[in-house]
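Structure assessment
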Amino acid sequence: MNVMITGGAGYIGSHAVKILLERGYNVSVIDNLSTGYMDSVDKRAIFHNIDIRDKDLVVNVLKSDHIGAVIHFAAFSLVGESMQVPLKYYDNNVYGTKVLLDAMNEAGVKHIVFSSSAAVYGDRSTMPITEEVLEVPTSAYGETKLAMEKMMKWADIAHGIKYIALRYFNVAGAYQTGEIGESHNPETHLIPLILQVPLGKREHISIFGNDYDTPDGTCIRDYIHIEDLIEAHILAMHKIIETNKSDIFNLGSGEGYSVLEMIESARKVTKQPIKSIISERRAGDPARLIASSEKAEKELKWVKKYNDVSSIISSAWKFHQLHKDGFKNEN
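Reading the values: the criteria
Residues numbered from 1 in each chain as written. Predicted model: local features only at pLDDT ≥ 70, side-chain atom pairs only at ≥ 80, totals over all residues. Heavy atoms only, no water. Pairing = 2+ DSSP bridges. Helix = DSSP H or I, 4+ residues; strand = E, 2+ residues; numbered from the N terminus. Axes fitted to C-alpha atoms, helices over the stretch in contact; angles between N-to-C directions. Expected span 1.5 Å × (residues − 1). Buried < 20%, exposed > 50% of the residue type's maximum accessible area, 1.4 Å probe, protein only. Contact = heavy atoms within 4.5 Å. Parallel < 35°, antiparallel > 145°, perpendicular 65-115°, else oblique. Left-handed = near helix turned anticlockwise from the far one by under 90°. Nonpolar A, V, L, I, M, F, W, Y, C, P; charged D, E, K, R; others polar.

1. What to know about the sheet that holds strand β11 (residues 247-251)
A sheet is described by the order of its strands in space; here seven strands give the open sequence β3-β2-β1-β4-β5-β6-β11, paired in parallel fashion. The outermost strands of the open sheet, each flanked by one partner alone, are β3 (46-48) and β11. Strand-to-strand twist across the sheet, computed as the mean angle between neighbouring axes with direction ignored, equals 20°. Of the pairings in the sheet, the one linking strand β5 (residues 111-115) to strand β6 (residues 162-168) comprises five bridges and is parallel in character.

Next up, the structure:
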């Protein structure tokens, strides 16, 4: 089967490319390298350095590469930046998805798995969050992801393009060999930031607030290993093809880990002291964010291989030891 991955040079997309290739799929990648890295893309994939907002080029790829399904990762994803330049996010995320759906319709490609976000829910007090919870995004990023989902719903109704949207919080870890992993510039995710301390790239890790209503006072978050996440995307792709029905699934661990727990686990994994300091709270940080994945486990038959945070951090540590400065060919 021929699969097209948008954003295939990014952190999540590059793992999808590698794992799909190992499963025997033919993989085409579309990425404009605005935030992705060519070095992270498996050389066995067909790579197209194009923007998803260029409809004619996207149609050409869908037709020439005989694509049967699309997995859509291409999007800007920094919550803070989205609040400062929201129109940039609407142009890339929402308009980009509109063009992609137009191209799929023209090329006769009717199946898409979409990397959505639990940011569509906003701040919720009841945990874990299920798919029935009302979506009230609190960031422009979350709003764009919700708008992309709604667009797919109407594209399904009008054009029969079937979709599955996967909503998840924090993806972490790296491919088992350490070949590829999480490399952002600037880095904003907790695990890579923690690991920069034992790598000598920063003196300490900042903990933004220790007076939250949690057992140790620090924020609790839900983490999924990147390989488990990609497995869910593959299962979702087959679900659409088999059932020809659109759907939405949360992906989560069902439990959360506090910032202090993450730092302590990293100390054990790296066998190095990791200095931490308490800083002021960041505006808008909820105390807890945990997603329920019961629906995905039941209907997609999704089974996670990585069920403890130490295994997630261990895989990330392997990658960062091999790539202390990450990937360098960002355009």
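2. What to know about helix α10 (residues 309-322)
Under the 1.5 Å per step criterion, the end-to-end length of α10 is 20 Å for 14 residues, consistent within 8% with the ideal 20 Å. Residues Val309, Ser311, Ile312, Ile313, Ser315, Ala316, Trp317, Phe319 and His320 constitute the buried set of α10. Its buried side turned inward, α10 meets β7 (170-172), α6 (190-195), β10 (223-225), β12 (257-258) and α8 (259-270).

3. Concerning the packing of helix α2 (residues 55-64) against helix α4 (residues 86-107)
Contact geometry for α2 and α4: axes closest at 9 Å, N-to-C directions at 45°. On the basis of the axis angle, α2 is oblique to α4. As α2 packs across α4, the resulting crossing turns out to be right-handed. Residues Lys55, Val58, Val59, Leu62 and Lys63 of α2 lie in contact with α4, whose contacting residues are Val99, Leu100, Asp102, Ala103, Met104, Glu106 and Ala107. When its residues are assigned to classes, the contact of α2 with α4 shows eight nonpolar, no polar and four charged.

4. Focus on unusual backbone geometry
What is expected of a backbone is that most residues other than glycine have negative phi and most peptide bonds are trans. Between Met127 and Pro128 the backbone carries a cis peptide bond, its omega angle lying at -5°. Take Pro128: it is sitting in the loop between β5 and α5 (140-159). Notably, Asn244 is not glycine yet its phi reads approximately 55°, a positive angle. In the Ramachandran plot, Lys271 falls in the positive-phi region, its phi being about 55° despite a non-glycine side chain. As for its position among the elements, Lys271 is in the loop between α8 and β13 (276-279).

5. Remarks on the sheet that holds strand β9 (residues 220-221)
The strand order β12-β9-β14 describes an open sheet built from three strands, whose pairing is mixed. Both edges of this open sheet fall to β12 and β14 (288-289), since each of them pairs with a single strand only. When β9 meets β14, the two strands line up parallel, connected through two bridges. What sits directly across from Ile220, in β14, is Arg288.

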